[in-house]
Amino acid sequence: MPFVPESSGPHQGLVTFLGTGTSVGVPAIGCDCEVCQSSDPRNNRTRCAITVRLPGGTVLIDTPPDLRVQLIRERIRLVHAVVYTHEHADHIFGLDDLRLIPFRLGHAVPLFCNETVESNIRRAYAYAFADREDTHPGATPKLEFTRIDEAPFDVLGTTFIPIPMKHGPHFKVLGFRIGDFAYCTDTNFIPPTSLERLQGVKTLVVGALRMEPHPTHFNLQEAIDVARAVGAERTLLTHTGHQLDYHKTCDWLPEGIDMAYDGLQVDIRV
């Protein structure tokens with residue numbers, strides 16, 4: 001039977017921010033700055049990922065190294081599919097934490113990604129694809145790839161629209177639009193054709209690393225400029241570093257733009 005989210009209709013979804021931090025997380029190892037030493041839980045940011053609870057099941061976007069802790073923290077017991085933005089370590093190196101999921105699904109975990117991400121996962125998790133029998137059930141994660149590109153695709157009965165973006169000079173990444181919601185982390189350039197795909201979204205999530213410019217990520221002002229270009233009712237900033245204190249930054253941001261935080265939930269229409 002299809003998984004139906006609690007208190008939701010056929011076109012309703014719920015986004016949960018599992019992590020909103022940079023590749024090193026916040027607090028950063030060995031750092032004594034005000035944000036890293038903060039007692040505000042919204043300044044404690046694990047590596048970036050979200051879940052999208054849909055009428056057909058729960059979709060996970062990216063598998064960061066903190067995944068096990070994130071899923072337990074948010075009491076998410078089951079993931080029905082994973083969609084990947086790109087192949088960097090902070091977005092794929094929690095994949096092994098899904099080893100228990102196939103027992104509950106009754107089949108391999110569906111992974112939706114482009115060719116580059118698939119090749120990196122196959123290399124990093126070579127043991128999961130080795131041509132030999134497992135020593136015992138659950139010894140390796142059971143995974144099944146579905147290749148995606150820039151065309152819309154279906155996951156659990158819901159359309160995902162890829163948003164092609166650049167992540168510095170060397171990496172192409174994908175954001176995703178799901179109904180009136182869009183998720184665009186880890187980028188410093190969204191081309192005009194991709195901005196067109198974002199028109200009409202009500203909630204936009206975009207990365208904003210810090211105040212100062214960065215060669216591969218939007219800084220705060222650049223993220224604000226993107227938010228204004230898209231014109232969403234609400235913009236939430238993710239992949240934020242330890243230079244950005246939650247309350248001070250939110251007080252400074254224009255109306256309609258806020259920092260996301262780990263555990264934040266947002267209702268969407270799909």
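Nothing here was measured: the structure is a model prediction, and the numbers come from that model.

## Points about the overall build of the chain
Item 1. Within the chain, the secondary structure is distributed over 7 helices and 14 strands.
Item 2. A compact globule built from 270 residues should have a C-alpha radius of gyration of about 18 Å, and the chain, at 18 Å, falls within 12% of that.
Item 3. Counting over 270 residues, the chain shows a buried share of 53%.
Item 4. Approximately 12,700 Å² of the chain is accessible, and the part contributed by carbon and sulfur atoms is 51%.
Item 5. Mean positive and mean negative side-chain charge positions of the chain (25 and 33 charges, respectively) differ by 3 Å.

## A few points about the environment of Asn188
Item 1. Inspection of the secondary structure assignment puts Asn188 in the loop between β10 (181-184) and α5 (192-198).
Item 2. As for Asn188 and Arg269, which are separated by 81 residues in sequence, their C-alpha atoms are 27 Å apart.
Item 3. Apart from residues lying up to four places away in sequence, Asn188 is in contact with Lys166, His167, Gly168, Pro215, Thr216, His217 and Phe218.
Item 4. Of the polar contacts made by the side chain of Asn188, one reaches the backbone oxygen of Pro215; its length is 3.0 Å.

## Overview of the UniProt feature "domain: Metallo-beta-lactamase" (unreviewed entry) in the chain
Item 1. Following the UniProt record, the feature "domain: Metallo-beta-lactamase" (unreviewed entry) maps to residues 46-242 here.
Item 2. Within residues 46-242, the helical portion is 22% and the strand portion 30%, while the C-alpha atoms at the span's ends are 12 Å from each other.

## A closer look at helix α6 (residues 220-230)
Residues lying three or four places apart along an α-helix face the same way, a consequence of the helix completing one turn every 3.6 residues.
Item 1. Among all positions in α6, only Leu220, Ala223, Ile224, Val226, Ala227 and Val230 are buried. The arc that holds every buried residue of α6, seen down its axis, measures 160 degrees, which confines them to one face.
Item 2. Those residues of α6 that are buried lie in contact with α5, β11 (203-207), β12 (234-238), α7 (246-252) and β13 (257-259).
Item 3. If you check the start of α6, you find a side-chain oxygen 3.3 Å away from the backbone N of Gln221, and it comes from Asn219.

## A few points about the sheet that holds strand β2 (residues 49-54)
Item 1. In spatial order, the strands read β6-β5-β4-β3-β2-β1-β14; together these 7 strands make up an open sheet with mixed pairing. At either margin of the open sheet sits one strand with a lone partner, and together these are β6 (143-147) and β14 (265-269). Between one strand axis and the next, the sheet turns by 25 degrees as a mean value, whatever way the strands run.
Item 2. Two elements, β2 and strand β3 (residues 57-61), share 5 bridges in a ladder whose sense is antiparallel. By the bridge assignment, Val52 is partnered in β3 with Val59.
Item 3. Helix α4 (residues 115-124) rests against β5 (109-113) and β6 of the sheet, and its axis sits at about 160 degrees to β6.

## Digging into unusual backbone geometry
Item 1. A cis amide bond links Val26 with the next residue in sequence, Pro27, at an omega value of 5 degrees.
Item 2. Following the sequence through the fold, Pro27 ends up in the loop between β1 (12-19) and β2.
Item 3. Of note, the phi angle at Leu156 is positive, near 55 degrees, even though the residue is not glycine.
Item 4. Locating Leu156 in the fold gives a position in the loop between β7 (153-155) and β8 (158-167).
Item 5. Exposure remark for Leu156: the relative accessible area of 29% places this residue in the partly exposed category.
Item 6. Positive phi, normally seen in glycine, also occurs at Asp186, with a value near 55 degrees.
Item 7. With respect to the helices and strands, the residue Asp186 is situated in the loop between β10 and α5.
Item 8. Take Asp186: its relative accessible area is 2%, and that puts it in the buried class.

## Here we look at the sheet that holds β13
Item 1. If you walk across this open sheet you meet the 7 strands as β7-β8-β9-β10-β11-β12-β13, and the pairing is mixed. The outermost strands of the open sheet, each flanked by one partner alone, are β7 and β13. Going from strand to strand, the sheet's axes swing by 25 degrees on average, the running direction of each strand aside.
Item 2. One ladder, built from 3 bridges, connects β12 with β13; its direction is parallel.

## Topic: the pattern of salt bridges
When charged atoms on two side chains of opposite charge get close, those side chains can pair.
Item 1. By the definition in use, this model includes 10 salt bridges.
Item 2. For Arg73, the salt bridge goes to Asp262, with nearest N and O atoms at 3.5 Å. With Arg73 in helix α1 (residues 67-73) and Asp262 in the loop between β13 and β14, this residue pair connects regions lying 189 residues apart in the sequence.
Item 3. A relative accessible area of 34% places Arg73 in the partly exposed class.
Item 4. Glu118 is the partner of Arg122 in a salt bridge, and the nearest nitrogen-oxygen pair spans 2.9 Å. Of this pair, Arg122 and Glu118 both sit in helix α4, 4 residues apart, which is roughly one turn of that helix.
Item 5. A residue is classified by how much of its surface remains accessible, and Arg122, at 38% relative accessible area, is partly exposed.

What counts, and where the lines are drawn
Residues numbered from 1 in each chain as written. Predicted model: local features only at pLDDT ≥ 70, side-chain atom pairs only at ≥ 80, totals over all residues. Heavy atoms only, no water. Helix = DSSP H or I, 4+ residues; strand = E, 2+ residues; numbered from the N terminus. Rg over C-alpha atoms; globule rule 2.2 N^0.38 Å. Buried < 20%, exposed > 50% of the residue type's maximum accessible area, 1.4 Å probe, protein only. Areas by Shrake-Rupley, 256 points an atom, 1.4 Å probe, with all protein chains shown as cover. Lys, Arg positive; Asp, Glu negative; His and termini not counted. Charge placed at Lys NZ, Arg CZ, Asp CG, Glu CD. Contact = heavy atoms within 4.5 Å. Polar contact = N/O pair within 3.5 Å; in protein donor to acceptor, adjacent residues only side chain to side chain. UniProt positions renumbered as here; feature names shortened; annotations may be inferred. Arc of directions from axis to C-beta. Pairing = 2+ DSSP bridges. Axes fitted to C-alpha atoms, helices over the stretch in contact; angles between N-to-C directions. Salt bridge = Lys/Arg side-chain N within 4 Å of Asp/Glu carboxyl O.

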